[in-house]
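This is what each chain is made of:
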Number of protein chains: 2
Amino acid sequence: MPIILDPIDRHILRVLQRDGRISNVDLAKEVGLSPSPCLRRVRLLEEAGIIDRYVAVLDPAKVGAGLTVFARVWFKTQDAEVTLRFAEAVRRFPEVMECYLTTGECDAVLRIVTADLHSYWRFQADHLTRIPSVLSVKTDVPMETLKRSFELPLR
Amino acid sequence: MPIILDPIDRHILRVLQRDGRISNVDLAKEVGLSPSPCLRRVRLLEEAGIIDRYVAVLDPAKVGAGLTVFARVWFKTQDAEVTLRFAEAVRRFPEVMECYLTTGECDAVLRIVTADLHSYWRFQADHLTRIPSVLSVKTDVPMETLKRSFELPLR
DNA sequence: AGTCCTGCGCAATGAGCTTGCGAAGCATCC
DNA sequence: GGATGCTTCGCAAGCTCATTGCGCAGGACT
């Protein structure tokens, strides 16, 4: 059932994670195949769902999303109802890029993207803390980041 | 200096964040332009660095990266030396997808991707806690996630 | 050895990218 | 008020690239 990836497949995936818009002929050249079998492999990887989709990655600073904030959230209670309502609520805010419902010290970790610190505090006060499930929020503002979001390790 | 994005540009960016490999003619159709000015706008957005790059998004579960873990890290001391050494050290591990050096309760937040929980604990024991800068690590294992990593909010 | 099967390369067709050019809308300045 | 310059559009031609069908080579199994 799990598709077996040979070295060429992994090579293709590595290249496409770096450049999702490389032409098929260049991709074929890079992995040492002729264009047609290379394209066939890519199609198979797509149909198997191993390649989920292709996206453009924008520069956050240049589209008014220069600040990434981690918010740790504590719920009033920890039942499924409250948790689901929270997950549903954050889905409506485009600022919330990721929501992790955790089993650790806090109940949820949010990665939130806004233009700057001021708009973040406004978002937290106006929207985040007003979600009924939320008891309290603690904020981590990153200073420097390593971003490898788009390249999964292929070993 | 900051490039002004008109509604058509934002429309283009939204579409490309969903589908980075859409053909230019389809993109033009969707935003209500003819192919050539549409392609010209895309090229400008690329040259301005607003579109940073295009990538293929893989399904983590299907490439042996099924588990995402948040690790909060505390340093032994908080001077620049220790911090930089830590940032340098995590860079060598492909499992570390993101590293946020924070100013909040802990000193760093890592997003770590491994195949499963067992490989995570092995990674933490063998590599993470052996970085000289590291005093202690606390782990948040997410149960359910909202993933919007690739679509920045355009308002 | 013969047969099947998988995956390769080649070639032809067609779709899409790319560029140059002329026209239309709009603001500025005599 | 009309002319000029600037911007951005659409059209068309040329050319690259994607896509498909087909034949061939190498390995496995009988």
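Residues numbered from 1 in each chain as written. Chains lettered and ligands numbered in written order. Predicted model: local features only at pLDDT ≥ 70, side-chain atom pairs only at ≥ 80, totals over all residues. Heavy atoms only, no water.

1. Observations regarding the protein's contact with DNA strand D
Inference 1: Around DNA strand D lies a shell formed by Ser-23, Asn-24, Val-25, Ser-36, Leu-39 and Arg-43 of chain A together with Leu-33, Ser-34, Ser-36, Pro-37, Arg-40 and Arg-41 of chain B.
Inference 2: Protein-adjacent atoms of DNA strand D, using a 4 Å cutoff, are sugar or phosphate at a proportion of 65%.
Inference 3: Note that a phosphate oxygen of DNA strand D is positioned 2.3 Å from one of the side-chain N or O atoms of Arg-43 of chain A.
Inference 4: Ser-34 of chain B is positioned with one of its side-chain polar atoms (N or O) 2.8 Å from a phosphate oxygen of DNA strand D.
Inference 5: Going through the elements one at a time, helix 2 (24–31) and helix 3 (35–47) of chain A together with helix 3 (35–47) of chain B are the ones with two or more residues in the surface near DNA strand D.
Inference 6: In terms of residue count, the dominant contributor to the surface near DNA strand D is helix 3 of chain B (four residues).
Inference 7: Along the lines of polarity and charge, the residues of the surface near DNA strand D split into four nonpolar, five polar and three charged. (Near = heavy atom within 4 Å. Polar contact = N/O pair within 3.5 Å; in protein donor to acceptor, adjacent residues only side chain to side chain. Helix = DSSP H or I, 4+ residues; strand = E, 2+ residues; numbered from the N terminus. Nonpolar A, V, L, I, M, F, W, Y, C, P; charged D, E, K, R; others polar.)

2. Let's talk about the environment of Leu-128 of chain B
Residue and element names in this part refer to chain B.
Inference 1: Turning to its location among the elements, Leu-128 is positioned in the loop between helix 5 (117–126) and strand 5 (134–140).
Inference 2: In sequence terms Leu-128 and Val-73 are 55 residues apart; their C-alpha atoms lie 9.3 Å from each other.
Inference 3: Not counting the four nearest positions on each side in its chain, Leu-128 is found in contact with Ala-71, Leu-110, Ile-112, Tyr-120, Phe-123, Val-134 and Val-137. (Contact = heavy atoms within 4.5 Å.)

3. Topic: the packing of helix 1 (residues 7–18) of chain B against helix 2 (residues 24–31) of chain B
Residues and elements named next belong to chain B.
Inference 1: Two numbers describe how helix 1 lies on helix 2: the axes approach to 10 Å, and their chain directions differ by 130°. In terms of axis orientation, helix 1 runs oblique to helix 2. Like other packed secondary-structure pairs, helix 1 and helix 2 cross with a definite hand, here right-handed. Contacts from Ile-8, His-11, Ile-12, Val-15, Leu-16 and Arg-18 in helix 1 reach Leu-27, Glu-30 and Val-31 in helix 2. (Axes fitted to C-alpha atoms, helices over the stretch in contact; angles between N-to-C directions. Parallel < 35°, antiparallel > 145°, perpendicular 65-115°, else oblique. Left-handed = near helix turned anticlockwise from the far one by under 90°.)

Purely geometric stuff here, so don't read any function into it on its own.
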